[in-house]
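# Overview (structure and organization)
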Amino acid sequence: MSEKNQTSSADSVNRAKPYQLVLFPLNNGATNVYYVLVLSYIATFGNRVLLIGTMFASIMVTAMRLCDAVTDPIIGALIDKTNGKFGKFRPFMVLGNLVMAVSILTLYIATPFIPESMMGLRYVVFVALYFVWVIGYTFQTSCTRSGQTVLTNDPKQRPLFTIFNTVGSLLGMGAMQFMAPILAQRFQGGYSAMEFYRLLAPVGIIVSIILTILAVIGIWEKDQPKYFGIGGTKQEKVKISEYVEIIKNNNPMQRLMVAGAGCKLALSIATNTTVLCMLYGCMMGNYNGLYLPMMVLGYVFSAPFFLLTVRTSQKHGQKASLLRYVTVALVCYIGVLALLLLWGKTDAFNLSIMTDGKLTINLYTILFIVFFGVGYGAYYATADMPIPMVADCSDYETFRSGKYIPGIMGTLFSLVDKLVSSLAATIVGIAVSAIGLSGLPTQDDPYVAGMNWVVIILFCLIPMAAWSLTILAMKNYALTGEKMKEIQAVNAVRRDAVAKGMSMEEAMRRWTAMEQVPEEFRQ
């Protein structure tokens, strides 16, 4: 589509070019590399390599994220106020990635050289480097959420962001999840080996830097004032003190934060490395033979759900799509729960795919693959769906108040993302400690009495409760497909009027509903 068509004043829709839709979501893949690199392994690294207490390593992750209650709004305000030579979002994408790279290299490679006799220093450095990483993570992840507002506001294109966002996530998170167990097999001790982290960290950082560069290219043309809200270069500055009032009056954002927390908590706990080690290794006795096949099967099952979620979103809106497929996941995991409750009754109630090079799949495994595969496919396809919905909430705020604050919207959602994902590490640590283990189990540890109940709670019950919370929050979510069409049309006619000299206040008063909008602005 030509630039003229993209920026026409009588066009309520700002559409992205195909390459922009493909490349910019790789920013999420770049940060998801660190999601695996840090959140999946940092507690194990702290406990097994640095010899830091299990509970400290787990709870610290959550406690440190609470500091973001202060830092996130500040970073959001910085993004909203930034409009320099390199745009609003690109500087934070690049800076955030560099901060994360330096902090993680130092954490995983340098801290083990601190002598055990200086254990206090290990604790201090561990916490300090993790905090620095959190700042960098906020910089870059906030841009994934907020940058969508300038990329496209087309109701048919925004759902596509979920697919490309998931592809980016697979290139980041999926690549790390695939490589980590392979790399772990090279070292004695696996996930407990210091050498494993020295190799994994540089590999992950290189992948993340490549994805960041591609994402910057994707948003380059769109990261300019003419795509910034109603007022463009005339947009009003928002004080930090006003953010509380803004969010208080943005009910869709409040509901989306709850729904996003539910989706993220389910994904964070059900895919936690310790949980999977207990399930496939300690319980089923064959981590190396089950983890990768099950992960691949999950991705295979998720492929059709990506297409279904986009089709449903384009036809009925993103709210309808999220509700439908989270419900599918919830129903399927009732079956997974039933199978795990039956585990160990006889030899037949155990996962088995290959034994001594021979196919040994049984009915229990087939049923597990069906229930887990469909459930995983449905929830994995919806796990990142709240991300493009943040852009809808930002557009709603512009429609409601005239304020263009994608930065604060992105950081608020980033805060939920980080709090929930770090809460997952604490929940896992507490659950493991409850059955008397002094360290987090790895793939080679033996089964301990009560571990099956820990897996049932973490792998099934908590995700199911989180999905129930998501469904409840979305029930009265106001931004349906039809409502978003009205919002885009009203914002477009206001933007056109402001560009021609009308004051923001007058434009906000004159156009408030679809029936007031001239036909040429209705897309």
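Throughout this document, residue positions are counted from 1 along each chain, in the order its sequence is written. The predicted origin of the model limits local features to residues at a pLDDT of at least 70 and limits the giving and counting of side-chain atom pairs to 80 or more, whereas totals for whole chains, interfaces and linings rest on all residues. In computing side-chain properties, one takes all heavy atoms of the structure into account and sets aside hydrogens as well as water.

## Considering the side chain of S352
You can see S352 is positioned in the loop between α16 (318-342) and β1 (354-355). By definition, residues are in contact when any of their heavy atoms lie within 4.5 Å. If we skip the residues at most four places from it in the chain, S352 touches T360, I361, N362 and T365. In this description a helix means any DSSP run of H or I spanning at least four residues, a strand means any run of E spanning at least two, and both kinds are numbered starting from the N terminus.

## Focus: the confidence of the model for the protein
Across the protein, the average pLDDT comes to 84, with 92% of residues at or above 70. The pLDDT value tells you how sure the predictor is about a given residue, anywhere from 0 up to 100. Across the protein, the secondary-structure element scoring lowest on mean pLDDT is helix α1 (residues 3-7), at 41, and the one scoring highest is helix α7 (residues 90-110), at 94. Confidence over residues 1-10 falls short of pLDDT 50; this stretch has 23 contacts with residues more than four positions distant or in other chains.

## A word on the packing of aromatic side chains
Only Phe, Tyr and Trp rings are paired, with Trp represented by its six-membered ring, and only when their centres lie within 6.5 Å; those with planes under 30 degrees apart are stacked, over 60 edge-to-face, the remainder tilted. Tallied over the full model, the rule gives 32 aromatic pairs. Here the aromatic rings of F372 and F459 are separated by 6.1 Å at their centres, their planes lie at 20 degrees, and the arrangement is stacked. Here the residue F372 occupies a position in helix α17 (residues 363-383), and F459 occupies one in helix α20 (residues 451-474), the gap between them amounting to 87 residues. Between buried and exposed lies partly exposed: a residue is buried under 20% and exposed over 50% of the maximum accessible area for its type, with that area taken using a 1.4 Å probe on protein chains only. Accessibility expressed as a relative area gives 6% for F372, which makes it buried. Aromatic ring contacts, followed pair by pair, group Y299, F306, Y333, F368, F372, Y376, Y379, Y380, F459 and W467 into a single cluster. Between the NZ or CZ atom of K88 and the centre of the ring of F228, over which it lies, the distance is 4.8 Å. Over a ring means this: the NZ of a Lys or the CZ of an Arg is within 6 Å of the ring centre and within 35 degrees of the ring normal.

## A few points about the nonpolar core
Each nonpolar core is a collection of buried residues, namely Ala, Val, Leu, Ile, Met, Phe, Trp, Tyr and Cys, held together in the definition by side-chain atoms within 4.5 Å. The biggest cluster of nonpolar side chains holds 169 residues, and the ones touching the most others in it are Y108, W133, F196, Y280, L340, F368 and F459. For this core, the leading source of residues is α20, giving 13 residues.

## Looking at a nonpolar patch on the surface
A cluster of nonpolar side chains, contributed by L359, I361, L363, I366, L367, V370 and F371, occupies part of the molecular surface with about 610 Å² of accessible area. In terms of residues, the nonpolar patch owes the most to one element, α17, which gives five residues. Relative to the elements of secondary structure, V370 occurs in helix α17. Patch membership is restricted to residues that have no salt bridge and whose relative accessible area is over 30%. Joining uses 9 Å for like charges and 5 Å for the nonpolar side chains Val, Leu, Ile, Met, Phe, Trp and Tyr. For the area figures, the Shrake-Rupley method with a 1.4 Å probe applies, and any residue is considered shielded solely by the protein chains shown. We define a salt bridge as a contact between a side-chain nitrogen of Lys or Arg and a carboxyl oxygen of Asp or Glu at a distance within 4 Å.

## Considerations on the environment of D445
Considering the arrangement of structural elements, one finds D445 in the loop between α19 (406-434) and α20. Residue classification places D445 among the partly exposed positions, given a relative accessible area of 24%. When the C-alpha positions of D445 and W467 are compared, they lie 31 Å apart, and in sequence the two are 22 residues distant. Once residues within four sequence positions are removed from consideration, D445 is found in contact with R48, C282 and L440.

## Re the environment of L340
Assignment of secondary structure puts L340 in helix α16. Remark: the alpha-carbon pair of L340 and C460, spanning 120 residues in sequence, is separated by 8.9 Å. The residues contacting L340, other than those within four sequence positions of it, are L279, M284, Y364, F368, V455, I456, F459 and C460.

## Some thoughts on the pattern of salt bridges
All told, the structure shown has nine salt bridges when counted by the stated rule. Across the pair R400 and E397 runs a salt bridge whose closest N-O atoms are separated by 2.8 Å. Highlighted residues: R400 and E397, both in helix α18 (residues 386-401), separated by three residues, approximately one helical turn. Given a relative accessible area of 0%, E397 falls into the buried group. Residue D496 is joined to K500 by a salt bridge in which the shortest nitrogen-to-oxygen separation is 3.2 Å.

## So, the packing of helix α15 (residues 287-316) against α17
Contact pair α15 / α17: the axes reach a minimum separation of 7 Å and the direction vectors enclose 50 degrees. Taken together, α15 and α17 sit at an angle that is classed as oblique. Remark: the crossing between α15 and α17 carries right-handed chirality. Contact with α15, carried on its side by M294, L297, G298, Y299, F301, S302, F305, F306 and T309, involves F368, I369, F372, G373, V374, Y376, G377, A378, Y380, A381 and T382 of α17 and no other residues of that element. By the convention adopted, Pro, Cys, Tyr, Trp, Phe, Met, Ile, Leu, Val and Ala count as nonpolar, Lys, Arg, Asp and Glu as charged, and the other residues, Gly among them, as polar. For the contact of α15 with α17, a count of residues per class yields 14 nonpolar, six polar and no charged. Only the stretch in contact is used when fitting a helix axis, every axis being a line fitted to C-alpha atoms; angles between N-to-C directions are given from 0 to 180 degrees. The scheme is simple: roughly parallel for angles under 35 degrees, roughly antiparallel for over 145, roughly perpendicular for 65 to 115, oblique for anything else. For any helix crossing, the convention is left-handed if the near helix is rotated counterclockwise from the far helix by under a right angle, and right-handed if that rotation is clockwise.

## Description of unusual backbone geometry
One non-glycine residue with positive phi stands out, namely L51, at about 65 degrees. Of note, L51 is situated in the loop between α4 (42-49) and α5 (54-66). For L51, a relative accessible area of 43% corresponds to the partly exposed category.

## As for the state of the cysteines
Disulfides are defined as cysteine sulfur pairs within 2.5 Å. With the rule as written, the count across this model stands at zero disulfides. Looking at C263, it has no disulfide partner, and the nearest cysteine sulfur is the one in C393, 13 Å off. Take C332: it sits in no disulfide, and the sulfur closest to it among the cysteines is that of C460, at 12 Å.

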